[in-house]
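# Observations on chain architecture
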Amino acid sequence: MPACLHGIGVSRGCAIGNTYHLVRNQPEVTEYAIPPKLIDDEVTRFEAALAQARQQLRDIRERVAHGVPAEVTSFIDAHLLMLDDPTLVDAPIRTIQLQGCNAEWALKLQRDLVVQVFEEMDDPYLRARKDDVDHVVRRVQGILLADEPNVDMMASRLEGRVIVADDLTPADTLVMQHQGVAAFVTEYGGPLSHTAILARNLGIPAVVGVRHARRLLAEDEPIIVDGQFGVVLAELDDGVLAHYRRRQKDEQRSRHELVKLKRQSAVTRDAVSIGLHANIELPEDAPAAKEVAVDGVGLYRTEFLFMNRPDVPDEEEHLASYLHVINTLGERPITIRTADLGADKQVDGGRRGPVATNPALGLRGIRLCLKDQDLFRPQLRAILRASHFGQVRMMIPMLSTTHEVAQVLRLVDETKRELRARGQAFDEHLPVGGMIEVPAAAVCAGQFARQLDFFSIGTNDLIQYSLAIDRIDDEVNYLYDPLHPAVLQLISMVIRAGRKAGIPVTLCGEMAGDPRYTRLLLGLGLAHFSMHPNSVLEVKRMVLDADAARLAEQVDRILRTAQPERQAQLLADLTGT
Ligand code: PEP
Ligand code: MG
C-alpha cells in the first residue's frame, strides 16, 4: 500500500519520477575580522559577488526567455532590481567599512534587519517579498561562500526528477523547467506562491505545502505527484504505477486533442454560446491571448505599469501599452482594468504612503485611485484615447459603494470634456464596468447594475473577503474554498442581478480557468469566463460537453440543499474534487 502525503495541488497533471532533494537552508555564515588594509578588497569581493549574481540571473533570463510567458520572466527581473537596491548593496558595504567584518556577515546583518522590519510590519505582501529578499541574499552568499547548490551544475541529474524542496526561487524553477524536471513538491507555499504560479504557467505538475516532505520522502525514491488532487504517493506498487502511467498517457493524448479545439466556437450541447476571454498582465501576453481567445481580453491588469519604478506612468506610457495590445488583438474587445494597486499589488513609487495595518482592507484599487487623482487621471485619459483605436471597455476594481462608481463616472465625463477640448478622439460610448469582488458589492449588485455597463466577478478577492482569509497567507490557505456555499450564493446573486439588469457578467478570478469549476459556473448561469490563456482550451472542452439547462437545474438543487454534508458531497460530485 503506497504512502500518501497531502498538500495543495497547484498545477494539474501527474508525474512519476525519482526524488531530488534540494537543500536550500540559509548558508552557514560566520563573522571574521578584516584587517583595515584589506577592507577595500573585501568591498570589491562583495561587489564582484553582486555582479556575478546579476550575471547569473541575466543568463537564466536569456536562456529560458524563448517561449516562456512574459509574466514568468518578470519574476527574474524583480530579483535583478533587488540586486541594484541600495538596501542590499550600499548598507552591507557601509557595514564592511565601519565594522571591518567580512562581506557574508555584513550581508547577513542587513538581511536580518530587512526581514525583521518586514515581520514587524505584518504586511502580507511584504511577507511574500521577504522570501524574495531571502532568495536574492542566498544567491549572493552562495557565491561568496562558493557553496551554493547550483541547479545549473546539476543539470544532468535533474532530468525526469521530482524536485523536493522547502520552497523554490523563481530562477531555479525556470532553470529546472529548462532541464526537464518532472514535477515539484515543496513544503511551503500556497496557490498564489511563486512556485505555484510558475509551475502552472510552465505546465509542470506541482504540489505545495507538503509539510516535512524532505523528511518523509527519501532521496532518489520513486514517487508520484498528482497535481490535480494535491497528493504525493511513495512506496509505490505495480498497481498504482500502472494506474498513473495510464493517466499520464491519457493526459498526453488529451493535450494533443485540445489543440484541435482552437478554432471551434464555445457552445454548449444545448446551444448556449459562452464567451471565453483571456486575462493578461503585460502587453507581451497579448499574442498568447490572441492565439486562443476569440472573444478577446476580459481582464487586462495594468499594475505592471506602476511596478519597480520610483515614479508613476504618464498618459503616453499608458496609451502606448494599450495600443500595443489593441494592435495585437485587432477587432477583439479588450477590457482594461484601472490600476488595482495596494494590498497584494504594492508599488515601489512614492504612492504607497504609510503601510496599513491591514492592507487588503485599506487604500487599494479604486479607493487609492480616487484619492490620488494624479495617478488616476492620466490612465483615464489614455483608456479613453485608446478606445478610438479598438473595442475597449474600462473596468473598475475593488468597488464597495455605489458612491465610488458615481465618482468615477464623473471623472470619466470630465476627462471626456478635456479630450474634446484637446481635439482628441475617443469612443463616446466607452463601456464602464465594475469588478464585483467585495461581498458588499455582490449583495448590492442590483444597485451597482444601474450605473455600470457590465460586471466582472473577481473571485480571488471575493473568496478572500467573504471567508476572511488572506489570499497570500500560507497559514490559512487551507480555508480558501471556492466551493464554500456563501461564495456560491454571492456569485449567483451577481449573475442574477446582471441578468435582470440586462448587462453582461464575466468571472475573471482563478476559478474561471479551472475546468473543475466550469460545469458549476455554467449551472450558475455564467456566460463569460476570463482566464489565463493556458486554460482556455481546457475550459472550452468542458463547455462543449456541457448541457447548460441541466446543469442549471442541478446547481439550483445543490444551492437549496440545507444539509452541509449532503451539499458538499453534491458539489464534490459535480466538480470531481
Ligand atoms: C480577482 O480578485 O479575482 C481578480 C481577478 O483580481 P486580482 O486577482 O488581480 O485581484
Ligand atoms: Mg481582485
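As annotated in an unreviewed UniProt entry, the protein chain is Phosphoenolpyruvate-protein phosphotransferase from Plasticicumulans lactativorans. The UniProt entry for the protein chain carries the following comment under Cofactor (unreviewed entry): "Mg(2+)". The heading Subcellular location (unreviewed entry) in the UniProt record of the protein chain holds the text "Cytoplasm".

The next subject is the pairing of strand β14 (residues 454-457). Of the two faces of β14, the one carrying F454 and S456 and the one carrying F455 and I457 are both buried. Direction of pairing for strand β13 (residues 432-436) relative to β14: parallel, over a ladder of four bridges. Bridging across to β14, M435 finds its partner in S456. Bridging between β14 and strand β15 (residues 505-507) involves three bridges; their strand directions are parallel. Each bridged residue has a counterpart across the sheet, and for F455 the counterpart in β15 is V505.

Note on the magnesium ion (ligand 2): its protein donors are E437 (OE) and D461 (OD). The metal-donor distances range over 2.0 to 2.2 Å. Here the residue E437 occupies a position in the loop between β13 and α16 (439-443), and D461 occupies one in helix α18 (residues 459-467), the gap between them amounting to 24 residues. With respect to burial, E437 and D461 carry one shared label: buried.

Time to look at unusual backbone geometry. With a phi angle near 60°, D220 is a residue other than glycine that sits in the positive phi range. In this structure, D220 sits in the loop between α9 (213-216) and β7 (222-226). For D220, a relative accessible area of 43% gives the class partly exposed. If you check the backbone angles, E235 has positive phi at about 50° while not being a glycine. Looking at where E235 falls in the secondary structure, it is placed in the loop between β8 (231-234) and α10 (238-259).

This paragraph deals with helix α23 (residues 564-575). When the terminal C-alpha atoms of α23 are compared, their 16 Å separation across twelve residues agrees well with the 16 Å that a helix rising 1.5 Å per residue should span. For α23, the complete set of buried residues consists of Q567, L571, L574 and T575. Take α23 and look down its axis: the buried residues cluster within an arc of 85°, on one side only. The outward face of α23, more than 90 degrees from its buried face, is lined by the exposed residues E565 and D573. Where α23 is buried, its residues contact α19 (485-501), α20 (518-523) and α22 (548-560).

This part is about the packing of α10 against helix α21 (residues 536-544). Closest axis-to-axis distance for the α10/α21 pair is 10 Å, and the angle between their directions is 85°. Here α10 is positioned roughly perpendicular relative to α21, judged by the angle of their axes. Of α21, the residues touching α10 (which contributes S254, E257, L258 and V259) are L537, E538 and R541. Looking at the contact of α10 with α21 residue by residue, the class counts come to three nonpolar, one polar and three charged.

Judged by pairing direction, the sheet is mixed, and its eight strands sit side by side in the order β1-β8-β7-β3-β4-β5-β6-β2 without closing on themselves. In this open sheet, the two strands that pair with only one neighbour each are β1 (3-6) and β2 (8-11). With strand direction ignored, the average angle separating the axes of adjacent strands in the sheet is 30°. With two bridges connecting them, strand β5 (residues 183-186) and strand β6 (residues 206-208) associate as parallel partners. When the bridges of β6 are listed, F184 appears paired with A206.

Conventions we followed
- Residues numbered from 1 in each chain as written.
- Chains lettered and ligands numbered in written order.
- Predicted model: local features only at pLDDT ≥ 70, side-chain atom pairs only at ≥ 80, totals over all residues.
- Heavy atoms only, no water.
- UniProt positions renumbered as here; feature names shortened; annotations may be inferred.
- Buried < 20%, exposed > 50% of the residue type's maximum accessible area, 1.4 Å probe, protein only.
- Helix = DSSP H or I, 4+ residues; strand = E, 2+ residues; numbered from the N terminus.
- Pairing = 2+ DSSP bridges.
- Donors = N, O, S within 2.8 Å, 3.2 Å for Na, K, Ca; no water.
- Expected span 1.5 Å × (residues − 1).
- Arc of directions from axis to C-beta.
- Contact = heavy atoms within 4.5 Å.
- Axes fitted to C-alpha atoms, helices over the stretch in contact; angles between N-to-C directions.
- Parallel < 35°, antiparallel > 145°, perpendicular 65-115°, else oblique.
- Nonpolar A, V, L, I, M, F, W, Y, C, P; charged D, E, K, R; others polar.

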